[in-house]
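# Per-entry structural report
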Amino acid sequence: MKVIQVETEEQLNDAFTIRKKVFVEEQHVDVEEEIDQYEENSEHFVLYDENNAAGAGRFRILDGKGKVERICILPSYRGKGAGKIVMDAIEQYATQQDVHVLKLNAQTHAIPFYEKLGYKVISEEFMDAGIPHKTMEKRI
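Below or above, wherever it landed, is the structure these notes cover. (Residues numbered from 1 in each chain as written. Predicted model: local features only at pLDDT ≥ 70, side-chain atom pairs only at ≥ 80, totals over all residues. Heavy atoms only, no water.)

Another point: the side chain of His-133. Along the polypeptide, His-133 turns up in strand S8 (residues 131-139). Looking at His-133, its side chain comes within polar contact range of the main-chain oxygen of Ile-131, at 2.7 Å. Excluding its chain neighbours within four sequence positions, the residues that come into contact with His-133 are Asn-105, Ala-106, Gln-107, Thr-108, Glu-124, Glu-125, Phe-126 and Asp-128. (Helix = DSSP H or I, 4+ residues; strand = E, 2+ residues; numbered from the N terminus. Polar contact = N/O pair within 3.5 Å; in protein donor to acceptor, adjacent residues only side chain to side chain. Contact = heavy atoms within 4.5 Å.)

With respect to the element layout, Asp-128 can be found in strand S7 (residues 126-128). Counting along the chain gives 17 residues from Asp-128 to Ile-111, while the straight-line C-alpha distance between them is 15 Å. Beyond its immediate stretch of four places on either side in the chain, Asp-128 contacts Glu-33 and His-133.

A cluster of acidic residues, Asp-30, Glu-32, Glu-33 and Asp-128, forms a negative patch at the surface. With respect to the helices, strands and loops of the structure, Glu-32 is situated in helix H2 (residues 31-34). Of the residues examined, Glu-32 reaches a relative accessible area of 63% and is grouped as exposed. (Patch = residues over 30% accessible without salt bridge, like charges linked within 9 Å, V, L, I, M, F, W, Y side chains within 5 Å. Areas by Shrake-Rupley, 256 points an atom, 1.4 Å probe, with all protein chains shown as cover. Salt bridge = Lys/Arg side-chain N within 4 Å of Asp/Glu carboxyl O. Lys, Arg positive; Asp, Glu negative; His and termini not counted. Charge placed at Lys NZ, Arg CZ, Asp CG, Glu CD. Buried < 20%, exposed > 50% of the residue type's maximum accessible area, 1.4 Å probe, protein only.)

Moving on, we come to the packing of aromatic side chains. Tallied over the full model, the rule gives 4 aromatic pairs. With 5.6 Å between their ring centres and 85° between their planes, Phe-59 and Tyr-93 make a pair best called edge-to-face. Remark: Tyr-93 occurs in helix H3 (residues 82-96) and Phe-59 occurs in strand S3 (residues 52-62); sequence separation between them is 34 residues. Of the two residues, Phe-59 and Tyr-93, neither departs from the other in class, the shared state being buried. Ring geometry for Tyr-114 and Tyr-119: centres 6.0 Å apart, planes at 75°, overall edge-to-face. What makes Tyr-114 buried here is its relative accessible area of 8%. Taken together, the ring pairs in this structure connect Phe-45, Phe-59 and Tyr-93 into an aromatic cluster. (Phe/Tyr/Trp six-rings, centres within 6.5 Å; stacked < 30°, edge-to-face > 60°.)

What follows covers the side chain of Ser-42. Among the structural elements, Ser-42 can be located in the loop between H2 and strand S2 (43-49). On the basis of relative accessibility, which here comes to 9%, the residue Ser-42 falls in the buried class. Only 2.6 Å separates the side chain of Ser-42 from the backbone oxygen of Tyr-38, close enough to count as a polar contact. The contacts of Ser-42, once residues within four sequence positions are left out, are Arg-58, Phe-59 and Arg-60.

Here you go:
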């Protein structure tokens, strides 16, 4: 499996397809909330297993910090290190952009995953798209 930084319309469509499957179909997030006004100002990443898109994520710089967003892995790839591969690629990109603090809003069930990667909870629980979240941060 390898992560690519999106360069083509086809790759971007792969990212959106994965995100729709996970967030819209599986987690019942409204598509209007899932695909938002920040898409054009974000760097997108897609995880491929051979030629099959298996995961996605996006990154943008906000107030000098890297904002990691929309991390998602298809169910058949979960628990196999796919999420870590996506996060590693985004963190490497952030470092290349001279960004040393990363922030994300984690669904509460995913907090242990992010904690293993060195992220720490910095907020109380809040609801986003009807799903409980906490903000997490990591210095890289």
